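Read off the chains here:
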Amino acid sequence: MALRLSRSIVGEAEARAVSRVLLEDGYLGMGNEVRLFEEELSAFLGISAQRIIAVNTGTAALHLAVEALAPRGGGEVLAPSLTFVASFQAIAAAGCTPVACDCLPETGTLDLKDAEKRLSSKTFAVMPVDYASNPWQLDEVYDFATRKGLRVVEDAAHAFGCLSRGRKIGSFGDLVCFSFDGIKNITSGEGGCVVSFDAEVARRISDARLLGVEGDAQKRFAGARSWDPDVTRQGWRYHMSNIMAALGRVQLARLETEFIPARRALAARYREQLAGVADIAFLRTDPADFIVPHILPVRVLRRRKDAVKNALAEKGIPTGMHYKPNHLLTYFGGGAACLPATEQLYSELLTLPLHPGLSVQDVDNVCVAVQLALTS
Ligand SMILES: *Cc1c(COP(=O)(O)O)cnc(C)c1O
């Protein structure tokens, strides 16, 4: 089978769970499976199920989180430019302005010094992104937010299963958003969730995912509906379905036994095999953090990136680019901002194949091809 950059790892168990919903339960919308998925996610994170709101994409999670915090008339959210466009679109969808910040050259994560320079009277939140599953300096982000009176919406789409200095991402903080799209550390087909440590905000988001119908989620979990509801705010059709939740539950059960060890072992193999290869540099991580890598971007130095990318492509090895910085996108300023570290990293970053379906031999083959490309 051709080598893939990333892919879902689903099989018989996921198929059985989905067919149980289709053939036995017959209720495909948001019901008992979603309630169980939220409970199992909360057990995994070690938090109350009241704090978890399952939704239909990670982007919806970010949108609802920002929207729940935004002042009337909108405001500004500081976010690293080096992220999936979902982060920026989610902020914009909430009627707010994403303010693109520079990143740290060695990690690709938010540069707090640069973020501080971009504070304004309209800034109400900061959105750190665990780039390549790296929760770099998360405590410092929270300290910064406390000092400046900001809320925090973590874009933890890459970081499900990771730990920051011994604590699971999503087990502490303010608002934390996960994605369960097809290629993330676990998938529910598409999907995501918000974790909110603010009970009032959690309630608002829980209603907002179901068109703003007050208390509808709790009724659906009890197998009922609200026939005489009130709606006091804007809401969206962002809830998760039983089909998705059934799939996600199986994936969650496989995370610690299969996906975490596989992803970590393959990433460690890349580091071993490419250690000391001139012009390849790995992003820096904190040994106090536990990383479950969703993607494997490396830096290719001295302008050799295209040479490596093309040599791999010739051998049928796909590579990726995570991400074209958002400040270079037309809708988000078209390069008006100047973010030197981000632009430098953008010229260097090349994502190598990583998913639990790869073998150690696959990784070794990629590494040999990288080395050959750099020595020829
Ligand atoms: C995947 C991802 C998202 C969005 O999640 P979806 O579930 O695909 O909507 C947001 N931010 C980052 C950094 C992502 O990688």
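Rules and cut-offs
Residue positions are given per chain, counted from 1 along the sequence in the order it is written. With the structure being a predicted model, the display of local features is reserved for residues of pLDDT at least 70 and the display and counting of side-chain atom pairs for 80 or more, all residues being used for whole-chain, interface and lining totals. Just so you know, side-chain values use all the structure's heavy atoms and leave hydrogens and water out. By the criteria applied, helices consist of DSSP H or I runs no shorter than four residues and strands consist of E runs no shorter than two, each listed in order from the N terminus. To sort residues, take the accessible area from a 1.4 Å probe on protein chains only and compare it with the maximum for the residue type: under 20% means buried, over 50% means exposed, and anything in between is partly exposed. Here a residue-residue contact requires only that any non-hydrogen atoms of the pair lie within 4.5 Å. Where accessible areas are quoted, they stem from the Shrake-Rupley method and a 1.4 Å probe; at the residue level, only the protein chains shown are allowed to cover. At least two DSSP bridges between two strands are required for those strands to pair. Convention adopted: a line fitted to C-alpha atoms gives each axis, helices being fitted over their contacting stretch, and angles between N-to-C directions are expressed from 0 to 180 degrees. Here a residue is near a molecule or strand as soon as one of its heavy atoms is found within 4 Å of it. Polar contact is the term for a pair of N or O atoms within 3.5 Å; when the atoms are in protein, one must be able to donate a hydrogen and the other to accept it, and sequence-neighboring residues count only if both atoms are side-chain atoms. By the convention adopted, Pro, Cys, Tyr, Trp, Phe, Met, Ile, Leu, Val and Ala count as nonpolar, Lys, Arg, Asp and Glu as charged, and the other residues, Gly among them, as polar. Domain delimitation follows an automatic or database domain assignment. A 1.4 Å probe defines the accessible area here, and the buried area is the portion of it lost by two parts on being joined, summed over both. For this document, the term salt bridge refers to a Lys or Arg side-chain nitrogen within 4 Å of an Asp or Glu carboxyl oxygen.

So, about the overall build of the protein chain. Looking only at helices and strands, the protein chain features twelve helices and twelve strands. Across its three principal axes, the protein chain shows a C-alpha extent of roughly 70 × 55 × 35 Å. Expressed as a percentage of the 376 residues in the protein chain, the buried residues total 55%. Counted over contacts in the protein chain with a minimum sequence separation of 6, partners at least 24 positions apart contribute 72%. Carbon together with sulfur atoms contributes 52% to the accessible area of the protein chain, which is approximately 15,700 Å² in total.

What follows concerns the sheet that holds strand E5 (residues 151-155). Taken in spatial order, the seven strands of this open sheet run E1-E9-E8-E5-E4-E2-E3, and their pairing is mixed. Each edge of the open sheet carries a strand with a single partner, namely strand E1 (52-55) and strand E3 (97-101). Within this sheet the neighbouring strands show an average axis-to-axis angle of 25°, counted without direction. Pairing of E1 with strand E9 (residues 192-196) involves four bridges; the strand directions are antiparallel. Note on E9: the bridge partner recorded for Ile52 is Val195. Against the sheet, helix H3 (residues 58-69) makes contact with E1, strand E2 (76-80), strand E4 (123-126), E5, strand E8 (175-179) and E9, and its axis sits at roughly 165° relative to E8, the strand it touches most. The sheet contacts of helix H6 (residues 138-148) involve E2, E4, E5 and E8, and relative to E5 the element is tilted by about 150°.

Here we come to the site of the ligand. Around the ligand, the surrounding shell holds 16 residues, and the nearest of these are Gly58, Thr59, Asp155, Asp181 and Lys184. In this structure, Lys184 approaches the ligand through a side-chain N or O atom, which is 3.1 Å from an oxygen atom. Expressed as a share of its isolated accessible area of 380 Å², the protein-covered part of the ligand is 94%. Secondary-structure elements contributing two or more residues to the shell around the ligand are H3 and helix H4 (85-93). For the shell around the ligand, the class distribution of residues is five nonpolar, eight polar and three charged.

For the protein chain, the assigned domains read domain 1 (12-100 + 108-249) and domain 2 (256-375). Each partner contributes residues to the interface: domain 1 has 33 residues there, and domain 2 has 31 residues. When domain 1 packs against domain 2, close to 2,600 Å² is buried across both sides, 61% of that on carbon and sulfur atoms. Counting every contact that joins domain 1 to domain 2 gives one salt bridge. Between Arg165 and Asp286 there is a salt bridge, with the nearest N and O atoms lying 3.8 Å from each other. The interface formed by domain 1 and domain 2 holds 14 residue pairs in polar contact (both at pLDDT 80 or more) in total.

Right, let's get into the side chain of Ser42. With respect to the helices and strands, the residue Ser42 is situated in helix H2 (residues 32-45). Residue Ser42 is classed as buried on the basis of its relative accessible area of 5%.

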